[in-house]
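Structural description and commentary
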Amino acid sequence: MTLEDLIKQVTSYHPNADLDLINRAFAFASRAHEGQKRKSGEDYIIHPLSVAFILAQLQLDVHTIAAGLLHDVVEDTAATLEELENLFGEQIAKLVDGVTKISRIEYKSQEEQQVENLRKMLLAMAKDIRVILIKLADRLHNMRTLKHQAEEKQKEIATETLEIFAPLAHRLGIFRLKWELEDLALLYLAPDKYYELVENISMKRQEREEYINHVIEILNQKLTELGIQVNIEGRPKHFYSIYNKMTKQGKELSEIYDLIAVRIIVDTVKDCYGTLGVIHTLWKPIPGRFKDYIAMPKPNMYQSLHTTVVGPSGEPLEVQIRTWEMHRISEYGIAAHWKYKEGKAGDKEFDKKLSWMRQLLEWQRELGDAREFVNTLKTDIFSDRVYVFTPKGDVVELPAGSIPIDFAYKVHTDVGHSCVGAKVNGKIVPLDYSLNTGDIVEILTSKTSGPSRDWLKMVTTSQAKNRIRQWFKKVHREENIQKGKDLLEKEAKKQNLDVEYLKNQYVTEIAKKYNLTTADDLYALLGEGGFFTPLQIVAKLKEKAIPKDAKEPDSIAINVRPWVGFGKPSQGVRVKGLDNVMIRLSRCCNPLPGDEIIGYITRGRGVSVHRKDCPNIVHHLNDEFERIIEVAWDEEEQAVYQVQIEIIAMDRSQLAMDIIRTLTDTKTIINAVNARATKNGQAVVDLKIEIKSIEHLQYINEKIKKVKDVLEVKRVTPTSH
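Here goes a summary of the coordinates provided. (Residues numbered from 1 in each chain as written. Predicted model: local features only at pLDDT ≥ 70, side-chain atom pairs only at ≥ 80, totals over all residues. Heavy atoms only, no water.)

Notes on the nonpolar core
Counting 72 residues, the largest nonpolar core has Leu6, Ile22, Leu70, Leu84 and Leu136 as the members making the most contacts within it. Of all the elements, helix H9 (residues 130–144) adds the most residues to this core, at eight residues. In contact with isoleucine 22, other than residues within four places in its own chain, are Leu3, Leu6, Ile7, Val10, Val62, Ile65 and Leu69. Among the nonpolar cores identified, the runner-up in size contains 36 residues, and Leu585, Ile691, Ile704 and Val713 belong to it. (Core = buried A, V, L, I, M, F, W, Y, C linked by side-chain atoms within 4.5 Å. Buried < 20%, exposed > 50% of the residue type's maximum accessible area, 1.4 Å probe, protein only. Helix = DSSP H or I, 4+ residues; strand = E, 2+ residues; numbered from the N terminus. Contact = heavy atoms within 4.5 Å.)

Here is the structure:
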């Protein structure tokens, strides 16, 4: 592969292309990657050059080809996006940014980083489809050279290719990339099956080719007599497609219809249907095997007539019939569209066909978790599809396995909410009926009806699930408010909290600490099982019940006995020379087992235990030395202690929820949560939690550090600020 090969390919379809841009991009990439080698041992520049050549084979614009040459410079060299923008313009810089991995953030696992990279790329794709075309070309060349990777890496890359990139190529209608990606993935994931298929298909190749040539001869003669200009050829066999059918349908190789197949390309749509008539006159069609993708194109713009007939030798023969323009679109898909040839805009029909990509941006807002986002893609975008009709004849596309409720929410949110029944092809069906391609679906509605919670277990699409959840949150708000009040009152009684502190003014104050506006907002979240518990709210209210500035009694109520040993434990602490004394762990420094501690004899409230480095106790050491007493942790008692920790992280949605979920998994009790954003794009989350020891706290800190985007976890003490 050379620059000359690339230039020749580009000028073959774009004689007036800006070759200077391509030459400058190649020169920059060559300098940036100088000295770098691929695992194969060849110079690294061969990879971006090959990616650009694949893009040129798809006949893409020069900006995309230049971005293909530059796609790895930001990720793998010292070059920056600002540098690219200055030299090549904003358009190329944005394309390169879209395919550049997120490598500056540490993730708890390689898998999570992979998922986050996919999300970034897919969202960039939703803004400019060329991002994914570059990535597909990049992935195809990597798959072609996968033999140089370790076996484990081969399987990892091949799996991702099969789950994400091949379905994307299919969704975009770029079948020439899809087939090759799938076949290469099969080669590395199931090499035995792959070579077995290759061998078995090759064994009967001559016999099959003679049969197809006989069919082509018959068709050429008949169609020429009718004045139809045709090009007929045997259709290529794709091993993964055959393997997939054998696996899913439990069939032998001899039972797969499209092993023997021809493709007929004609000049006009009229000739397509004329050719179909000739074929059905010559050979008997197999019922249920005819599909008209011309009258009803696939969402990826694919058009063809498909039919399977009993051929001249009594074997099934699959035939595809299409025009030259349809054939071009079936090969290049989205890349064939003029919009990306000339940079034009405004084709409403084209934009409508890509409406599924706008869903990516909507899901990004609704789903904070990257893994959930990619799983939603696999369900709603990359899964097998069914195409059903509204009563007016409009086509609605849904994932395979969808039910009438999914259809209802796809039509309109209000239609979904008010759905009470459904008719399919004129007959009443259950709401869990599995829709099939070609069904005519009519939704029966009632203004007084609403969704059922059971629907969440029945529906397939994420859109339906999200709309149902939102409805319950909104409609059952009053119910949840009352439920939340009841839960809080019950917990308050259990904790002996005076009902005076359940008044609206106190609860509202606590609500604001959780970034909520009113007490009702807090009650509603409690009622629906939000991210805090009644116990946590009562703990907050208890702090209100014991004002910090409460005056202490004048008399000292403790008499120290003249013996040297430590007394019986209380609150996990023993006091030197004292038994049966009230112990209080100081809130100013929250001492924990393992900390060096000291006691302070208070007026009327027993012994207050502080860390030795607590500023408050340091002050008393000088002024009231006679009230200082030795204390020690009781190693046998399993007490529970409250500690405050501070978490600094990159700000993102669902951050606090992810941290709380991690703590919940460790069965740690959370008494308070406060999260706030800072000006530098970071967030600070303060937690008050209950722990058993310093070791327990260290264990929790390590767990939190593994949460995505968390930068630092520290215990808050008077010396921390």
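Structural notes on the sheet that holds strand S1 (residues 231–234)
Read across the sheet, five strands follow the order S1-S2-S5-S4-S3 without closing on themselves; strand pairing throughout is mixed. Lying at the two open borders of the sheet, with one neighbouring strand each, are S1 and strand S3 (291–292). (Pairing = 2+ DSSP bridges.)

What to know about the packing of aromatic side chains
Working definition: an aromatic ring pair is given by the centre-to-centre distance plus the angle between the planes. The final tally for this structure, using the stated rule, is six aromatic pairs. Judged by centre distance (5.4 Å) and plane angle (85°), the ring pair of tyrosine 194 and tyrosine 195 falls under edge-to-face. Classification of tyrosine 194 as buried rests on a relative accessible area of 14%. Pairing tryptophan 471 with phenylalanine 472 gives two aromatic rings, centres 5.1 Å apart and planes at 90°, and the pair type is edge-to-face. (Phe/Tyr/Trp six-rings, centres within 6.5 Å; stacked < 30°, edge-to-face > 60°.)

What about helix H3 (residues 46–57)?
For H3, spanning twelve residues, the distance from its first C-alpha to its last is 16 Å, which sits close to the expected 16 Å at 1.5 Å a residue. Burial of H3 is extensive: ten of the twelve residues sit out of reach of the surface. Every buried residue of H3 is listed here: His47, Pro48, Leu49, Ser50, Val51, Ala52, Phe53, Ile54, Leu55 and Ala56. Here the buried face of H3 lies against helix H1 (3–13), helix H2 (19–32), helix H4 (62–70), H9 and helix H11 (175–189). Once H3 ends, the next one or two residues include glutamine 59, with phi positive near 60°. (Expected span 1.5 Å × (residues − 1).)

Some points on H11
With 15 residues, H11 should reach 21 Å at 1.5 Å per residue; the first-to-last C-alpha distance of 21 Å fits that figure. The buried count for H11 comes to eleven of 15 residues, which makes it a mostly enclosed element. For H11, the complete set of buried residues consists of Phe175, Leu177, Lys178, Leu181, Glu182, Asp183, Leu184, Ala185, Leu186, Leu187 and Tyr188.

Digging into the pairing of strand S4 (residues 305–310)
Most of S4 sits inside the fold, with five of its six residues counted as buried. Inspection of the sheet shows S3 paired to S4 by two bridges, in the antiparallel sense. Across the sheet, residue lysine 291 finds its bridge partner in S4, namely histidine 306. As paired elements, S4 and strand S5 (residues 316–323) share six bridges and run antiparallel to each other. Considered in S5, the bridge of leucine 305 is made with isoleucine 321. Here S4 folds back onto S5, and the loop between the two strands holds five residues, one of which, glycine 314, carries a positive phi near 85°.

Section: the pattern of salt bridges
Tallied over the full model, the rule gives 18 salt bridges. Across the pair arginine 139 and glutamate 160 runs a salt bridge, and its minimum N-O distance is 2.7 Å. You can see arginine 139 sitting in helix H9 and its partner glutamate 160 sitting in helix H10 (residues 151–171), a full 21 residues away along the chain. Judged by relative accessible area, arginine 139 falls into the buried class, the value being 8%. Of the residues examined, glutamate 160 reaches a relative accessible area of 11% and is grouped as buried. With a closest N to O distance of 2.8 Å, arginine 652 and aspartate 658 form a salt bridge. Classification of aspartate 658 by relative accessible area gives buried; the value is 13%. Among the charged side chains, a network of salt bridges with common partners joins Arg652, Asp658, Arg661 and Asp709. (Salt bridge = Lys/Arg side-chain N within 4 Å of Asp/Glu carboxyl O.)

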